[in-house]
Amino acid sequence: MTSLELREINKNYGAYHALRGIDLTVAQGEFIVMVGPSGCGKSTLLKSIAGLETISSGQIVINGRDVTRQEPGDRGIAMVFQSYALYPHMTVAENMGFGLRMAKRPKAEIDAAVARAAKILRISDQLDKRPKQLSGGQRQRVAIGRAITRSPEVFLFDEPLSNLDAALRTQMRVELSSLHAELGATMVYVTHDQVEAMTMASRIVVLNQGIIEQVGSPLELYRNPDNLFVAGFLGAPRMNFLGVTVDAVSGRSVTVAAPGLSPLTVELSQPATLSKGASLTLGVRPEAISVVAEGNESGAVHGEVRLVEHLGRETILYVDAGNLSTIASESGTGNITAQLSYVAPFAAGQKVALKLDARELYLFSADGGRTISARKTILDK
Ligand SMILES: Nc1ncnc2c1ncn2[C@@H]1O[C@H](COP(=O)(O)OP(=O)(O)OP(=O)(O)O)[C@@H](O)[C@H]1O
């Protein structure tokens, strides 16, 4: 059953076109996570669904009701903000019951809803405290509790965990996923955090400059990005991009090369009319790069280690591969990043040969960065 439908949503701030024809259908119980670079329109879209922003054109439908012109309080949504937005002079219980009190619900009903939400969020012993007596994590639980008590048709979350420290964020992430499973509610969640997006979402929506670049399950987007933007946006460290030229085409295979790179053959999604010498972008994720002994030439890139990050279980190498042309290196240190799943004994200044896994290569068209390589197999979660 459809829970939320966004139809051709446009939002202008004066001459600035912040949302450009957003279409999205969300099924009952889905956990939608919206990601995208700063300023791409995530908050504007969330606030538009909430009714805190008026859209310039389009339609917002919640459970079959057109709510486009309705007040926020009448839309059947509850929003949880990054800043918690709790009333400092009210107790936890009063904060949580606020929405129901405004709706003039009977006291017994409010008390029961608050008690239930507090139990779910494990803050039953905090109900008489005021927000300033609580930790950041507890405050965010109260804000979520306030949303739960209203039994909304759709929950909206605007970066709810970004004010918490790393350990608490991990804990709350797990708790929010459990809460979602327990309530079976439709949730739309905005975040900057890749891990939150990958682990919590039923589907991720990647926004860029007011348009949707791609919608899909986390693994679908990670394995089969539609274009260079999505490929580069999801994954940390980011996918490496190398400028290459077509060496030879044979049916569905294309061999590409670049100065400093041994020729590599990539499967295409369909037979392509690529001519020899045409420019393309080759993509390879850091985890699809291994270090091989010098002298092993097949698909190897030779370079010098600039920086090593030892993360315990894994090692990240930032390698300068000389004149191998790469596009916008993420770190500014070296131009190829390799992520090795072991404690690798490398040091800055060391010469290495990197091998790119031929099964894990992506090719993007020069015009618009469309993915033209064959789709990758997705291993189910
Ligand atoms: N009230 C406003 N008036 C004018 N422009 C605005 C207004 N609110 C947002 N914008 C512009 O609209 C664009 C989208 O803003 P929005 O806050 O939705 O981005 P975002 O993706 O949530 O960014 P961030 O991740 O940094 O929070 C930005 O370019 C922003 O400057």
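Everything quoted here is computed from the prediction, not taken from an experiment.

A.B. asks: Quick rundown of the packing of helix α3 (residues 107-121) against helix α4 (residues 136-149)? Include the residues and the values.
C.D. replies: At their nearest, the axes of α3 and α4 sit 9 Å apart, and the two run at 135° to each other. Of the possible angle classes, the one that applies to α3 and α4 is oblique. In this structure, the crossing between α3 and α4 has a hand that is right-handed. Packed against α3, whose contacting residues are A113, V114, A117, A118, I120 and L121, the element α4 presents R141, I144, G145, I148 and T149 at the interface. Grouping the amino acids of the contact of α3 with α4 by side-chain chemistry returns 8 nonpolar, 2 polar and 1 charged.

A.B. asks: Please give an account of the environment of E196 that cites residues and values.
C.D. replies: Relative to the helices and strands, E196 resides in helix α6 (residues 194-200). Accessibility expressed as a C-beta count within 10 Å gives 25 for E196, which makes it buried. Here the alpha-carbon distance between E196 and M1, two residues 195 residues apart in the chain, equals 25 Å. Non-local contacts of E196, meaning those with residues more than four positions away in its chain, are made with V33, L161, R173 and T191.

A.B. asks: Would you mind going over the UniProt feature "domain: ABC transporter" (unreviewed entry) in the protein chain in detail, with residue names and values included?
C.D. replies: The positions that UniProt labels "domain: ABC transporter" (unreviewed entry) are, in the present scheme, residues 4-234. Within residues 4-234, the helical portion is 37% and the strand portion 27%, while the C-alpha atoms at the span's ends are 25 Å from each other.

A.B. asks: Hey, could you go over unusual backbone geometry for me, with residue numbers and the actual values?
C.D. replies: Of note, the amide linkage connecting A236 to P237 takes the cis form, showing an omega dihedral of 0°. Unlike most non-glycine residues, Q209 shows phi in positive territory, near 50°. Within the secondary structure, Q209 is located in the loop between β9 (203-208) and β10 (211-216). Assessed through the 15 C-beta atoms surrounding it within 10 Å, Q209 is described here as partly exposed.

A.B. asks: Pulling in residues and values, what's your account of the site of the ligand?
C.D. replies: Y13, Y16, A18, G36, S38, G39, C40, G41, K42, S43 and T44 make up every residue found near the ligand. Mapped onto the shell around the ligand, the elements with two or more residues apiece are β2 (16-27) and α1 (42-50). Sort the elements by how many residues they give to the shell around the ligand and α1 lands first, with 3 residues. When the residues that make up the shell around the ligand are grouped by side-chain class, the tally is 4 nonpolar, 6 polar and 1 charged.

A.B. asks: Outline the domain arrangement of the protein chain, supporting the account with residue identities and numerical values.
C.D. replies: Each assigned domain of the protein chain is listed here: domain 1 (2-224) and domain 2 (237-365). The C-alpha-based centres of domain 1 and domain 2 are spaced at 39 Å.

A.B. asks: Which residues make up the nonpolar core, and what values do they have?
C.D. replies: Across soluble globular proteins, you tend to see nonpolar side chains buried next to one another. By size, the foremost hydrophobic cluster in this structure holds 101 residues, and its most contacted members are I32 and V33. Broken down by element, the residue count for this core peaks at 6 residues, all from α3. Counting only domains with at least three residues in this core, you end up with domain 1 (2-224) and domain 2 (237-365). In this structure V33 touches Y189, T191, E196, A197, M200, A201 and I204, once residues within four positions along its chain are discounted.

A.B. asks: Could you give an account of the sheet that holds strand β5 (residues 65-66), with specific residues and numbers?
C.D. replies: Hydrogen bonds between backbone atoms are what pair the strands of a sheet, whose relative direction is either parallel or antiparallel. If you trace the 4 strands from one edge of the open sheet to the other, you get β2-β1-β4-β5, paired in antiparallel fashion. Taken across any chain shown, the strands that pair with only one partner, and hence form the sheet edges, are β2 and β5. Here strand β1 (residues 2-13) pairs with strand β4 (residues 57-62) via 5 bridges, running antiparallel. Bridging from a neighbouring strand, E5 pairs with V61 of β4. Across the sheet, α1 lies against β1, β2 and β4, angled at about 60° from β2, the strand it touches most.

A.B. asks: Describe helix α2 (residues 92-102), naming the residues involved and giving the relevant values.
C.D. replies: Residues V92, A93, N95, M96, G97, G99 and L100 constitute the buried set of α2. For α2, the elements touching its buried residues are α3 and α4. Looking one or two places after α2, you find K104, whose phi comes out positive at around 60°.

A.B. asks: So what about the pairing of strand β11 (residues 240-250)? Which residues, and what values?
C.D. replies: Both β11 and strand β14 (residues 279-284) contribute to a ladder of 6 bridges, which runs antiparallel. Each residue of the ladder has a partner; that of G243, found in β14, is T281. Sheet topology note: the β11/strand β12 (residues 253-258) ladder contains 5 bridges and is antiparallel. Directly across from T245, in β12, lies its bridge partner A257. Remark: 2 residues form the turn of the hairpin made by β11 and β12, two consecutive strands paired antiparallel; G251 in that turn has positive phi of roughly 55°.

How each quantity is defined
- Going along each chain's sequence as written, the residues are numbered from 1 onward.
- In keeping with the predicted nature of the model, local features appear solely for residues at pLDDT of at least 70, side-chain atom pairs appear and are counted solely at 80 or more, and the whole-chain, interface and lining totals rest on all residues.
- Convention adopted: a line fitted to C-alpha atoms gives each axis, helices being fitted over their contacting stretch, and angles between N-to-C directions are expressed from 0 to 180 degrees.
- Helix and strand labels come from DSSP, where a helix needs a run of H or I of at least four residues and a strand needs a run of E of at least two; each type is numbered from the N terminus.
- Oblique is the label for any angle not under 35 degrees, not over 145, and not in the 65 to 115 range, which are roughly parallel, roughly antiparallel and roughly perpendicular in turn.
- It is the rotation of the near helix from the far one that decides the hand of a crossing: anticlockwise by less than a right angle makes it left-handed, clockwise makes it right-handed.
- Think of it this way: build a C-beta for each residue from its backbone, and any pair within 7 Å is a contact.
- Residues are grouped as follows: nonpolar covers Ala, Val, Leu, Ile, Met, Phe, Trp, Tyr, Cys and Pro; charged covers Asp, Glu, Lys and Arg; every other residue, Gly included, is treated as polar.
- Three exposure classes are used, all based on how many other C-beta atoms lie within 10 Å of a residue's own C-beta (placed from the backbone): buried at 20 or more, exposed at 12 or fewer, and partly exposed between those limits.
- UniProt positions are given in the numbering used here, feature names are shortened, and annotations may be inferred rather than shown by experiment.
- Nearness here has a simple definition: the residue's C-beta atom, placed using the backbone, must lie within 6 Å of the molecule or strand.
- Domain ranges listed in this record stem from an automatic or a database domain assignment.
- As used here, a nonpolar core is made of buried Ala, Val, Leu, Ile, Met, Phe, Trp, Tyr and Cys residues. They are joined through C-beta atoms within 7 Å.
- Each pair of strands is called paired provided DSSP finds at least two bridges between the two strands.

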